[in-house]
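# Geometric and topological summary
Here's the letter readout for the chains.
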Amino acid sequence: MATVPCSCGAPHLVLRRANFWVRSPGTRDAPTLRVKRGGATACSTSFPSLGRVGWHRREGNASLLSFGATSEGFSVSGNGDAPAAASDPSQAISGLLPFVVAATAVAALGNPATFSWVSKEYYAPALGGIMLSIGIRLSIDDFALVFKRPLPLSIGFIAQYILKPLLGLLIARAFKAPPSFYAGFILTCCVAGAQLSSYASFLSEGDVALSILLTSCSTISSVAVTPLLTGLLIGSVVPVDGVAMSKSILQVVLLPVTLGLLLNTYAKSVVNIIQPIMPFVAMFCTSLCIGSPLAINRNQILSSDGFLLLLPIVAFHIVAFTLGYWFAKLPFWRQEEPVCRTISLCTGMQSSTLAGLLATQFLGSSHAVPPACSVVVMAIMGLSLASFWGNGSRIRDIPLLFLPSTQSDVGS
């Protein structure tokens, strides 16, 4: 790595790599690096991307300049003025969640006694623990950013609460989801974004601040929006008590998040004590919320109806990730790559644990199976997609993965 002068008079970073073009995943004004054999020079020093810090990382003999994350963590704020959160071990712990989810599914289906003891009375405290872990990472200043970034938040909200429920309805009818799982599947498509999507956005070099704000706003608004959508889409199939559902969401979602927010604002010393253990609490609670419905409904899941349920769930998440990305890419939105990646992940990853709780309380235990299966699918698919993007790949590069590489390609 070296620096060379440019016509603007400022030194620029030289990257020693093979021939390719690299565009920073920042804003439209961020520089494009033209990388030649032997070196490359960034032709601009303007990096107006909100809340991003450039840092160098090594890949073999190459030095890469990345944006959207620091070598130590990621920015929680959406602009340079707002406070940024340094990373902590919780980010590494979050990376273990897909493995915990997969292990929970195997244990619940292989030995139901492992989780069959978890009754629905435990669901609310477990979900409250997950929501508290979200709240202690928020501050009042974070919500002020909503007014500074209304467009990307609005796009994400539309994708979350309009496109995704309609997509779920179409897929459920197209795949003829079994009646015992139909209402639970639709409910899964009507809940807020998942906490895990923020970690996925970090891995993908997306807009982490947007992900955190979008997840927080959709979680709080779920008190009114989720019962409304559920009543509209499945009220004719299964009676839905919207008022009771709103009260339940208020108790297990809004109150813990508000408590965490207040603690983080007025009792930092308490947060400093409990924050290191909250990732473990959230992981344990997630495991309980997934394992219980899988264990209790094991026979149905392993039946032909269970196989018929898996197809629409996989199809739903694949299309949701794709739809979220290209919806944000529409020309009249003019959103940049990090925002499109973030909205894709927030659209494809929803709070299925909340859907499982609501299904258990208002629809019946069998309807909690789709949310439990959804957690497994979305965690694996979402973090795989995030890693794909984080490794420098792009959506339009996917066809190239299936083409044989030749020596001439390297030297071209």
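Only a predicted model underlies this, so the values are computations on that prediction, with no experimental measurement involved. (Residues numbered from 1 in each chain as written. Predicted model: local features only at pLDDT ≥ 70, side-chain atom pairs only at ≥ 80, totals over all residues. Heavy atoms only, no water.)

### What about the environment of S287?
Note that S287 resides in helix α11 (residues 278-296). Along the primary structure S287 and V100 are separated by 187 residues, whereas in three dimensions their C-alpha atoms are 7.2 Å apart. Dropping the residues within four chain positions of it, S287 is found in contact with V100, T104 and F115. Only 2.8 Å separates the side chain of S287 from the side chain of T104, close enough to count as a polar contact. (Helix = DSSP H or I, 4+ residues; strand = E, 2+ residues; numbered from the N terminus. Contact = heavy atoms within 4.5 Å. Polar contact = N/O pair within 3.5 Å; in protein donor to acceptor, adjacent residues only side chain to side chain.)

### What about the nonpolar core?
By size, the foremost hydrophobic cluster in this structure holds 99 residues, and its most contacted members are F185, I186, L294, M349 and L354. Contacts of M349, omitting those with residues within four sequence positions, involve G193, A194, L196, S197, A200, F321, M378 and G382. One finds I136, A267, V271 and M278 within the second-largest nonpolar core, a separate group that totals six residues. (Core = buried A, V, L, I, M, F, W, Y, C linked by side-chain atoms within 4.5 Å. Buried < 20%, exposed > 50% of the residue type's maximum accessible area, 1.4 Å probe, protein only.)

### Observations concerning the side chain of S133
With respect to the helices and strands, the residue S133 is situated in helix α3 (residues 123-135). When its relative accessible area of 4% is taken as the criterion, S133 is described as buried. Among the polar contacts made by the side chain of S133, one reaches the main-chain carbonyl oxygen of I130 at a distance of 2.4 Å. Beyond its immediate chain neighbours, meaning those up to four positions away, S133 contacts Q195, M278 and A282.

### Side note on the environment of L330
If you trace the backbone, L330 turns up in the loop between α13 (304-329) and α14 (337-348). Residue classification places L330 among the partly exposed positions, given a relative accessible area of 28%. Note: C-alpha distance between L330 and C340 (ten residues apart in sequence) is 9.7 Å.

### Some points on a nonpolar patch on the surface
Together, F175, F307, L308 and L311 make up an exposed nonpolar region whose accessible area comes to about 370 Å². Its place among the elements puts L311 in helix α13. (Patch = residues over 30% accessible without salt bridge, like charges linked within 9 Å, V, L, I, M, F, W, Y side chains within 5 Å. Areas by Shrake-Rupley, 256 points an atom, 1.4 Å probe, with all protein chains shown as cover. Salt bridge = Lys/Arg side-chain N within 4 Å of Asp/Glu carboxyl O.)

### Here's the deal with the environment of L259
Counting through the fold element by element, L259 comes out in helix α9 (residues 242-266). Relative accessible area serves as the criterion here: at 45%, L259 is assigned to the partly exposed category. Separated by 128 residues in the primary sequence, L259 and M131 have C-alpha atoms spaced 9.6 Å apart.

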